[in-house]
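A look at the structure
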Amino acid sequence: NAAMTNLSHVVNHLSFGPPIDLNQDRKARRILKQVPEEHRQFSPMDDSDYVTKQYHQAFHHYIKVVSTHLNMGTSDTNSLLTYQFLEQSQIVYYSEVNVPEARFSYDLSPMSVVVEKEGRKWYDYLTSLCAIIGGTFTTLGLIDATLYKVFKPKKL
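Numbering of residues starts from 1 in each chain and follows the order in which that chain's sequence is written. Reporting in this predicted model follows two pLDDT cut-offs: at least 70 for local features of residues, and 80 or more for side-chain atom pairs to be given and counted; totals over whole chains, interfaces and linings ignore these cut-offs and use all residues. Think of the side-chain values as coming from all heavy atoms in the structure, minus any hydrogens and water.

When you go through the protein chain residue by residue, the secondary structure sums to 2 helices and 5 strands. The helix count covers DSSP runs of H or I at least four residues long, the strand count covers runs of E at least two residues long, and both are numbered beginning at the N terminus. Ordered by position in the sequence, the α and β elements of the protein chain form the string β-α-β-β-β-β-α. It is over C-alpha atoms that the radius of gyration is taken, and the globule rule equals 2.2 Å times the number of residues to the power 0.38. Its C-alpha atoms give the protein chain a radius of gyration of 29 Å, clearly above 15 Å, the size a compact globule of 156 residues would have. Seen through its C-alpha atoms, the protein chain measures out along the principal axes to roughly 105 × 50 × 30 Å. Contacts between residues were defined by any pair of non-hydrogen atoms, one from each residue, lying within 4.5 Å. Taking the intrachain contacts of the protein chain between residues at least 6 apart in sequence as the baseline, contacts between residues at least 24 apart amount to 78%. For every accessible area listed, the method is Shrake-Rupley and the probe measures 1.4 Å; residues are considered covered only by the protein chains on display. Of the accessible surface of the protein chain, which amounts to about 11900 Å², a share of 57% is contributed by carbon and sulfur atoms. Each charge sign in the protein chain was given a centre, from 16 positive and 16 negative side chains, and these centres are 17 Å apart. Counting rule for charge: Lys and Arg are taken as positive, Asp and Glu as negative, and neither His nor the chain ends is counted. Charged side chains are reduced to one point each, which is NZ for Lys, CZ for Arg, CG for Asp and CD for Glu.

Here it is as structure tokens:
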């Protein structure tokens, strides 16, 4: 009976691309340890419950899939290609003559995210040190000039 359809469901696992098994793959574990937490959206729907409270309603899931290149060094052993996705789910209400359906719509993005880790070069440290010394010199010069103007004896 279509009027009594309940489309509550659980998403145990949903991913795109080859699975990443962190227990088996040391390379993936080493690379992902260096990736910031906000760049780890590989399976945001895992173990999610989607419960419909009434008849004639169902969840529609809209998924945006983005390829992600993780480059954590200069060699190929420190790079990994994976897919991340963002999902948005909403409840859709159906009329009594229509049969509700749980829908998963996905869109493959033509853009790609590249996460790279770059070390600082020696001249970056030298430039930062010169900036600190120059800023300190300038600040002390301003303080000295201000104190000189304030405490300079007045000529009558």
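There's more to say after this.
Attention now moves to unusual backbone geometry. The backbone of D47 shows a phi angle near 55°, a positive value even though the residue is not glycine. Tracing the sequence through the fold places D47 in the loop between helix 1 (26-33) and strand 2 (48-50). Three exposure classes are used, based on accessible area relative to the maximum for each residue type with a 1.4 Å probe and protein chains only: buried under 20%, partly exposed in between, and exposed over 50%. Judged by relative accessible area, which is 62%, D47 ranks as exposed. Not every positive phi belongs to a glycine, and H56 is a case in point at roughly 65°. Note that H56 resides in the loop between strand 2 and strand 3 (57-71). Assessed through its relative accessible area of 14%, H56 is described here as buried.

Quick look at the sheet that holds strand 4 (residues 79-93) now. The strand order across the open sheet formed by 3 strands is 4-3-5, and the pairing between neighbours is mixed. Whereas interior strands pair on both sides, the edge strands pair on one side only; in this sheet they are strand 4 and strand 5 (103-116). Mean inter-strand twist for the sheet, computed between neighbouring axes without regard to direction, equals 20°. Summarising the sheet, strand 3 and strand 4 pair through 15 bridges and their orientation is antiparallel. Counted as the bridge partner of V65 is F85 from strand 4. With axes taken as lines fitted to C-alpha atoms, and helix axes fitted only over the stretch in contact, angles between N-to-C directions fall between 0 and 180 degrees. Of the strands in this sheet, strand 3 and strand 4 touch helix 1, which is tilted by about 75° from strand 4. Here the rule is simple: two strands pair whenever DSSP picks up at least two bridges between them.

It is worth spelling out the side chain of H60 at this point. Relative to the elements of secondary structure, H60 occurs in strand 3. Side-chain atoms alone can form a polar contact between residues adjacent in sequence; in general such a contact is a pair of N or O atoms within 3.5 Å, and within protein one must be able to donate a hydrogen while the other accepts it. A polar atom in the side chain of H60 sits 2.8 Å from the side chain of Y94. Within polar-contact distance, the side chain of H60 engages the backbone oxygen of E101 at 3.5 Å. Filtering out sequence-adjacent residues up to four positions away, H60 remains in contact with Q88, S89, Q90, V92, Y94, E101 and R103.

When a protein is soluble and globular, its nonpolar side chains tend to lie buried together. Nonpolar cores are built from buried Ala, Val, Leu, Ile, Met, Phe, Trp, Tyr and Cys residues. Side-chain atoms within 4.5 Å join them into one set. Within the largest apolar cluster, 9 residues are counted, these being A28, I31, L32, V35, F42, L70, M72, L80 and V115. No other element matches helix 1, which puts 3 residues into this core.

Purely geometric numbers; function is a separate question.
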